[in-house]
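Reading the structure
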Amino acid sequence: MQPRNLLFIMSDEHSRRVLGCYGHAMIRTPNLDRLAARGVRFSDAYCNSPICVPSRASFHTGRYPHQIRFWDNGIPYDGSVPSWAHRVREAGCRATAIGKLHFRSADDDNGFSEEIMPLHVVDGVGDPSGMLRRPLAVRKAALKLARDAGCGDSDYQRYDDRITGAAQQWLREIASGDAGKPWVLFVSFVCPHFPLIARPQWYSLYPENEVPRPALYAIDERPHHPYLSALRECQIYDQGFDESRLRKAIAAYFGLVSFVDHNVGRLLAVLEATGLERETRVIYTSDHGDNLGTRGLWGKSCMYEEAAGVPLIMAGPEVPQGVVCREPVSLVDCFATILDCVGVPRNPADAGLPGASLCDVVAGTAPHRTVMSEYHAAGAATGAFMIRRGPYKYVHYVGMPPQLFDLEHDPQETKDLGADPRWADVVADCEAQLRGVVDPDAADRQAFADQAERMAALGGREAVLARGSFAFSPVPGTKAVYAETEIATKPV
């Protein structure tokens, strides 16, 4: 693969189930669908931790959360671990970021040549309330999700407007001069992350009485597992919904996805108009998904496909067209992919990274590896670890029963095989594969220890509890809106 420019587009909280090219019957995503048609769509792509900060830290460094110990939204990436942006910049190539990064601070050396209107964690601290895990805290800010849902404008949509405009200008300027070596432009949107508010032109595409109700939403349809029960006790999103608000939330999320697609189209149009399309590869993904009410869950924080799965599309020069790659991949694979796209040699210090270049995955030359995601953040009563093993998806919980799903025959994950003795050999095999990547018990202990140390530095559990929590990170120039947190009454 010859060195080329790379436009890397990341959205926030986009479930791959809500994309036309991934089979959704109602959503309108013409630009992303066309991008997939002229490139490769990865059908089984995952984030490495289903929440913003650790997912982005893993994506940026090519390392799993337990390797870098940026566990949650209160322990953000600080530039101390080499990132793909560091490697690109060290090679003399330009690496520019526009939009959400969710690192500690722009004052850290995060690797980029420049950060344009970056969104980082609040006050360099983030949201430490997610570290209140023994016992879990009730996050009352979650009720804001249902209250806000509907038609209208928002800071997040306005911020994405500015991000898109800045990226368009950057591309036009680079096209008008001699860029020299290949460059990477990382454009990072905040939508469709809540607040679930969509402008009329997008909201009206999805009439409230026509949007589908979430799957497995009825109380008697929801799965029972101690991890999920604890998650629902902590993240009380669903308590705010009635039928009307439920449909408003779905319509708004769909509208925000179409808004993101529109902004992707605006960027692709600049590539075409300037001639950069001939010399630029494009990758689209998201930092994690969204449960969107399925099983009575909202947000992320679990290992179901809606939350841990992400869209992943790659197109451009020398990328096969119209291909669907069914090999499981994850965001740590993007580290090597980005370097390959722009022709940056591998640094010997990165030899042990768990990912592989997506170019090699598509070509069938990537080494065998176990794709893994893990979670140690808000709502997690214990550490959760997921791997893919052929058609099987195995979820390991420290101190709790495992889950096993056969995605080939049960893509909606309606039947947990983990406790079925007929599947004991598969469960044992999957656990062995997981332990070949991580010692889950040791990682769980380390996460709790690091979080306890971080809370102590902030004044202790009571001080963190008194800070409250917020529903979403504010855009640059605005303040977080805090809500009360309290200790759950039902111990896990």
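Everything below is about the structure printed above this text.
Structure report, in brief. (Residues numbered from 1 in each chain as written. Predicted model: local features only at pLDDT ≥ 70, side-chain atom pairs only at ≥ 80, totals over all residues. Heavy atoms only, no water.)

Observations regarding the packing of aromatic side chains
In this structure the tally under the stated criterion is 19 aromatic pairs. Look at W84 and F186: their rings are 6.0 Å apart centre to centre, the planes differ by 75 degrees, and that puts the pair in the edge-to-face class. On the criterion of sequence distance, the pair formed by W84 in helix α4 (residues 84-90) and F186 in strand β8 (residues 184-192) is long-range, its members being 102 residues apart. Each member of the pair, W84 as well as F186, carries the same accessibility label: buried. Between the aromatic rings of Y304 and F405, the centroid separation amounts to 5.9 Å while the plane-to-plane angle is 55 degrees, which identifies the pairing as tilted. One end of the pair, Y304, is in the loop between β10 (280-286) and α10 (305-308); the other, F405, is in strand β18 (residues 400-406), and 101 residues separate them in sequence. Across this residue pair, the class does not change: Y304 and F405 are buried. (Phe/Tyr/Trp six-rings, centres within 6.5 Å; stacked < 30°, edge-to-face > 60°. Helix = DSSP H or I, 4+ residues; strand = E, 2+ residues; numbered from the N terminus. Buried < 20%, exposed > 50% of the residue type's maximum accessible area, 1.4 Å probe, protein only.)

Description of the nonpolar core
With 66 residues, the main nonpolar core has L185, L196, F254 and W298 as its most contacted residues. Sorting elements by how many residues they give to this core places helix α9 (residues 243-274) first, with 16 residues. (Core = buried A, V, L, I, M, F, W, Y, C linked by side-chain atoms within 4.5 Å.)

Quick word on the sheet that holds strand β15 (residues 372-375)
One open sheet accounts for four strands, arranged β15-β16-β17-β18; its pairing is antiparallel. For this open sheet the edge positions go to β15 and β18, each flanked by a neighbour on one side alone. Across the sheet, the mean angle separating the axes of adjacent strands is 15 degrees when strand polarity is ignored. Sheet topology note: the strand β16 (residues 384-389)/strand β17 (residues 392-397) ladder contains six bridges and is antiparallel. Across the sheet, residue M386 finds its bridge partner in β17, namely V395. Across the sheet, helix α8 (residues 226-234) touches β15, β16, β17 and β18, and the angle it forms with β18 is around 105 degrees. Strand contacts of helix α13 (residues 424-435): β15, β16, β17 and β18, with the helix running at about 70 degrees to β17, the strand carrying the most contacts. (Pairing = 2+ DSSP bridges. Axes fitted to C-alpha atoms, helices over the stretch in contact; angles between N-to-C directions. Contact = heavy atoms within 4.5 Å.)

Overview of α9
Its 32 residues give α9 an end-to-end C-alpha distance of 47 Å, which sits within 8% of 46 Å, the value for a rise of 1.5 Å per residue. The positive-phi residue at the C-terminal boundary of α9 is G275, with phi of around 85 degrees. (Expected span 1.5 Å × (residues − 1).)

Notes on the sheet that holds strand β2 (residues 39-42)
Ordered by their spatial adjacency, eight strands build an open sheet running β5-β4-β8-β1-β10-β12-β2-β13, and the pairing between neighbours is mixed. Sheet topology places β5 (114-119) and β13 (323-325) at the edges, where each strand pairs with a single neighbour. Across the sheet, the mean angle from the axis of one strand to that of its neighbour is 15 degrees, orientation sign disregarded. Direction of pairing for β10 relative to strand β12 (residues 312-315): antiparallel, over a ladder of four bridges. Following the sheet pairing, T285 is matched in β12 by L312. Sitting on the sheet, α9 touches β1 (5-12), β8 and β10, and the angle it makes with β8 is about 160 degrees.

Quick notes on helix α14 (residues 440-457)
With 18 residues, α14 should cover 26 Å at 1.5 Å per step; its first-to-last C-alpha distance of 26 Å lies within 8% of that length. Of all the residues in α14, the buried ones are P440, A443, D444, A447, F448, D450, Q451 and M455. In an axial view of α14, the angular spread of the buried residues amounts to 165 degrees, which keeps them on one side of the axis. Opposite its buried face, α14 presents the exposed residues R445, E453, A456 and A457, each directed more than 90 degrees away. Looking at the buried positions of α14, the neighbouring elements they touch are α3 (65-68), β16, β17, α13 and α15 (461-467). One side-chain oxygen of the residue at the start of α14 lies 3.1 Å from the amide nitrogen of D441, identifying that residue as D439. (Arc of directions from axis to C-beta. Polar contact = N/O pair within 3.5 Å; in protein donor to acceptor, adjacent residues only side chain to side chain.)

So, the pairing of β12
Burial along β12 is two-sided: the residues L312 and M314 and I313 and A315 are all buried. Sheet topology note: the β2/β12 ladder contains three bridges and is antiparallel. Its bridge partner being in β12, G39 is matched across the sheet by A315.

Looking at the pattern of salt bridges
This structure, assessed with the given rule, holds 39 salt bridges. The salt bridge partner of D109 is R89, with a shortest N-O separation of 2.9 Å. Here the residue D109 occupies a position in the loop between β4 (95-100) and β5, and R89 occupies one in helix α4, the gap between them amounting to 20 residues. With a relative accessible area of 40%, D109 lands in the partly exposed category. Between D153 and R199 there is a salt bridge whose closest N-O contact spans 2.9 Å. With D153 in the loop between β7 (150-151) and α6 (155-176) and R199 in the loop between β9 (197-198) and α7 (200-203), this pair connects stretches of sequence that are 46 residues apart. (Salt bridge = Lys/Arg side-chain N within 4 Å of Asp/Glu carboxyl O.)

Remarks on the side chain of T337
Here T337 is to be found in helix α11 (residues 333-342). Residues within four places of T337 in sequence aside, it is in contact with I283, M314, A356, S357, L358 and C359.

Regarding the environment of V362
The residue V362 is located in helix α12 (residues 358-363) in this model. When its relative accessible area of 24% is taken as the criterion, V362 is described as partly exposed. Apart from residues lying up to four places away in sequence, V362 is in contact with V40, F42 and P320.

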